[in-house]
Amino acid sequence: MNAAVATSVFAVFMVATVALGLLALRGRGGGGGLDEWSVGGRSLGPVFIWVLMAGEGYTSFSYLGAAGWGYNYGAPVLYVVAYMSCGYAIGYVVGPMLWSYARRHGLVGITDMVAHRFGRPWLGAVVAVLATVFLLPYIQLQITGMGVVLSVISYGAVSLNWAYFVAFAVTTGFVVVSGLRGSAWVSVLKDVLVIATLGFLALYVPLHYFDGYGPLLDRLVTEKGDWLTLPGHGGGGAGGSGLGEVWFISTTFLNSLTVVIFPTTVAGYLGARNADALRRNAMYLPAYNVLLFVPMLLGLAALFVVPGLVGAESNLALFKLVVDALPAWAVGVIGVAAALSSIVPMAVFMLVIGTMWGRSVLSLLPRLAHADRQKSAAQVVVVVAGSLALLLTYTAPNTLVRLSLISYEGMAQLLPMVLLALVWRRLTFRGAFSGLIVGVAVVCVLVFSGNDPVWGVNAGLVALAANLAVALAVTFAGRPDADPRPDAEVLADDRDEAEGRDRAGGRGEDEYAVGPG
C-alpha cells in the first residue's frame with residue numbers, strides 16, 4: 001500500500017511536469033526554431049532566469065550526493081557551497097559579457113562563440129565533441145539520482161534498472177518537446193517543492209530522532225568530531241581521502257571559474273531578456289545555497305540513525321531517514337522534489353548537447369546546414385545523448401560526487417579558449433588549441449590513473465595550469481593570427497543591446513549578426 005501511494009503521487013507530478021512543459025509553449029507556433037527551443041527566444045525575465053539557474057545548482061546531487069558525502073566525509077562537502085557562491089560573483093561580470101557577445105552575433109552557445117572568435121566553424125565542432133564527453137557524466141549523475149529516488153520511494157517495488165529507464169524517458173520526452181522555456185516553467189514548481197520539503201526536513205529530522213538541534217550537534221561534536229574539520233573522516237594519513245585544505249581551496253577556485261562557462265550555465269545566460277537580469281540574479285542566487293546545508297546536515301544525522309552505509313549506499317542516507325518515519329504520501333512528495341531536481345538540470349544538459357551538435361557539428365553537413373533543419377537534428381541528438389548516458393548508467397556506475405568532479409575538471413580545460421580568448425585578442429588559435437589538447441590529456445591521465453587529487457591539489461587545476469602554460473608559450477612564440485576583423489567584432493564586453501547601438505553609431509542588431517566563423 002505504501003508503495004502504491006508514494007508512486008501514485010510521483011506519477012501524478014510527472015504527468016503535471018510534462019503538461020507544464022507543453023503549457024509553456026502556448027502561442028509559440030509549435031515550439032519555434034532553434035533559438036526559441038535552445039535559449040527560450042532570449043526572452044526569459046528575471047524570475048524565470050533565477051529559478052532556471054538556481055536549478056542548475058540544486059540537482060539530485062544536492063539531495064543524494066551532498067548527504068552521501070556528509071555521511072562519508074563531513075566537512076569537505078562544503079566545497080559545493082563555496083564554489084557556487086564564488087561562481088555567482090564571477091558570473092556577475094562574465095554573464096552579461098557572454099550574453100552581449102552572443103546577442104550581437106546571433107550565437108546560441110559556447111561552441112558558436114569559439115567558432116566565431118577564431119573564425120573556424122570546425123573548431124566549434126571539436127569543442128562540441130569535447131563538451132559532450134564531459135557533460136555525459138553529469139547526465140548519468142542525474143539519471144542515477146532520479147532512479148535511486150524512484151526506487152527508494154517505491155519501497156523497492158520499482159527496481160533500479162527500471163527506475164533509471166523512467167528517469168531517461170520522462171526527461172528526454174520533456175526536453176525534446178519543451179526546450180529551455182519549459183525547463184524554466186518547471187523550475188518554478190521544483191523550487192516550491194524543494195524549499196518546502198527541505199524546510200520541513202530541517203525541522204523534522206532533528207526533532208524526531210534527537211529531540212532538537214542541541215542534542216544532535218552535541219553528539220556530532222563529541223562522537224563524530226572527525227567529520228567536522230578538514231580533511232574530514234578518513235582524510236588523514238597515507239591512503240586517506242586527500243580532501244584537505246589544499247584540495248578544498250583548489251577545487252573551489254577551479255569550479256567557481258568553470259561554472260561560469262559551463263554550457264548549461266551559458267544557456268541560462270543567453271536565455272535572459274537583458275543583461276541586468278543576470279546581474280540581479282548573481283546577487284540573489286547565493287541565498288539559495290543556504291538550502292544546501294540541510295542535506296549536508298541530514299547526512300551527518302544519518303550517521304547515528306542508519307550507521308554502516310558503504311559505497312553508493314551512502315547516497316541514500318537522507319531518504320533512509322524519512323522512508324520509514326513518514327507517511328507514504330509525504331515520502332512521495334519529497335521524492336518528487338528530488339526527482340524534479342534531476343529533471344530540470346538533466347533537461348538543460350541534454351538540451352545544450354543537442355544545440356551544440358545541431359548548430360556546430362551537424363550543420364557542417366550540407367544536408368543539415370539549413371537553419372530549419374538544425375532544431376530537428378538537435379532533438380535527435382538529445383535522444384542519442386540521453387540513450388548513451390543511460391547505457392553508461394547501466395554499464396559504468398559511479399558515485400554521484402565523483403561524476404560531478406570529473407565533469408568540472410574536464411570542462412575547466414575550455415576556460416582559455418572560451419573566456420580568455422574573448423577578452424584578450426593576442427591569444428592565438430594555435431596557442432589556445434595546443435593548450436586545450438595538453439589540458440585534456442593531463443586531466444584524463446591524472447583522473448583515470450587514480451591520481452586525483454595530486455599532492456593534495458585538484459587534478460583539474462593542475463591540468464589547467466599546464467593548459468595555460470602551453471597556450472601562452474605557443475602564443476608568444478608564434479605570430480598573431482591574421483584576422484582582419486576589428487576588436488569590437490571579435491572580443492566581448494558587458495554592454496547591453498542599447499549601448500551596442502549607440503557605440504555603433506545607431507546601427508541595429510541585425511547589422512552585427514554573423515554566423516560562426
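Residues numbered from 1 in each chain as written. Predicted model: local features only at pLDDT ≥ 70, side-chain atom pairs only at ≥ 80, totals over all residues. Heavy atoms only, no water.

Peer 1: Help me understand the overall build of the chain in this model?
Peer 2: Within the chain, the regular secondary structure consists of 22 helices and zero strands. Looking at the chain residue by residue over its 517 residues, the buried ones come to 58%. Residue pairs in contact within the chain that sit at least 24 positions apart in sequence constitute 84% of those at least 6 positions apart. Carbon and sulfur atoms form 66% of the exposed surface of the chain, whose accessible area is close to 19100 Å². (Helix = DSSP H or I, 4+ residues; strand = E, 2+ residues; numbered from the N terminus. Buried < 20%, exposed > 50% of the residue type's maximum accessible area, 1.4 Å probe, protein only. Contact = heavy atoms within 4.5 Å. Areas by Shrake-Rupley, 256 points an atom, 1.4 Å probe, with all protein chains shown as cover.)

Peer 1: Looking at this model, I keep getting lost on the environment of Thr197. Mind explaining?
Peer 2: Along the chain, Thr197 falls in helix α8 (residues 160-210). Among the residues examined, Thr197 registers a relative accessible area of 6% and is labelled buried. When the C-alpha positions of Thr197 and Val331 are compared, they lie 9.9 Å apart, and in sequence the two are 134 residues distant. In this view, Thr197 contacts Tyr63, Val333, Ile334 and Ala337; residues no more than four positions away in its chain are not counted. Within the local environment of Thr197, its side chain forms a polar contact with the backbone oxygen of Leu193, the two atoms lying 2.7 Å apart. (Polar contact = N/O pair within 3.5 Å; in protein donor to acceptor, adjacent residues only side chain to side chain.)

Peer 1: What's the story with a nonpolar patch on the surface in this structure? I'm lost.
Peer 2: On the surface, a cluster of nonpolar side chains totalling about 430 Å² of accessible area is made up of Tyr92, Val93, Met283 and Tyr284. Within the residue set of the nonpolar patch, elements represented by two or more residues are α5 (79-105) and α12 (275-284). (Patch = residues over 30% accessible without salt bridge, like charges linked within 9 Å, V, L, I, M, F, W, Y side chains within 5 Å. Salt bridge = Lys/Arg side-chain N within 4 Å of Asp/Glu carboxyl O.)

Peer 1: Is there a simple way to think about the nonpolar core in this case?
Peer 2: Most often, soluble globular proteins have nonpolar side chains that are buried together. If you look at the biggest cluster of nonpolar residues, it comprises 147 residues, and the most contacted ones within it are Tyr63, Met113, Ile139, Ile143, Phe319 and Leu414. Considering every element that reaches this core, the biggest residue donor is helix α15 (residues 328-361), with 20 residues. (Core = buried A, V, L, I, M, F, W, Y, C linked by side-chain atoms within 4.5 Å.)

Peer 1: I'm lost on helix α7 (residues 121-153) in this one. Help?
Peer 2: It helps to recall that an α-helix has 3.6 residues per turn; residues three or four apart then point in one direction. Taking 1.5 Å of rise per residue, 33 residues should cover 48 Å, and α7 covers 47 Å from first to last C-alpha, within 8% of that figure. Buried residues dominate α7, accounting for 28 of its 33 residues. Backbone geometry just after α7 places Tyr155 at a positive phi near 60 degrees. (Expected span 1.5 Å × (residues − 1).)

Peer 1: Sorry if this is basic, but what is going on with the packing of aromatic side chains here?
Peer 2: What characterises a pair of aromatic rings is the spacing of the ring centres plus the angle enclosed by the ring planes. Tallied over the entire structure, the rule returns 22 aromatic pairs. Pairing Trp69 with Tyr73 gives two aromatic rings, centres 5.3 Å apart and planes at 75 degrees, and the pair type is edge-to-face. Residue classification places Tyr73 among the partly exposed residues on the basis of a relative accessible area of 26%. Grouped by ring-pair contacts, the aromatic residues Trp69, Tyr73, Tyr79, Tyr83, Tyr138, Trp247, Phe262, Phe349 and Tyr408 constitute a single cluster. Against the face of Phe118 rests Arg117, its NZ or CZ located 4.7 Å from the ring centre. The ring of Phe429 is capped by Arg120, whose NZ or CZ atom sits 4.1 Å from the centre of that ring. (Phe/Tyr/Trp six-rings, centres within 6.5 Å; stacked < 30°, edge-to-face > 60°. Lys NZ or Arg CZ within 6 Å of the ring centre and 35° of its normal.)

Peer 1: What's the story with unusual backbone geometry in this structure? I'm lost.
Peer 2: For residues that are not glycine, phi is negative in most cases, and the peptide bond is trans in most cases. For the peptide bond that leads from Leu230 to Pro231, omega is 5 degrees, which places it in the cis range. Its location among the elements puts Pro231 in the loop between α9 (213-223) and α10 (245-258). Residues Asp452 and Pro453 are joined by a peptide bond in cis, for which omega reads 5 degrees. Within the secondary structure layout, Pro453 lies in the loop between α19 (429-448) and α20 (459-477). With phi around 60 degrees, Tyr155 is a residue other than glycine that occupies positive phi space.

Keep in mind these numbers describe shape, not what the thing actually does.
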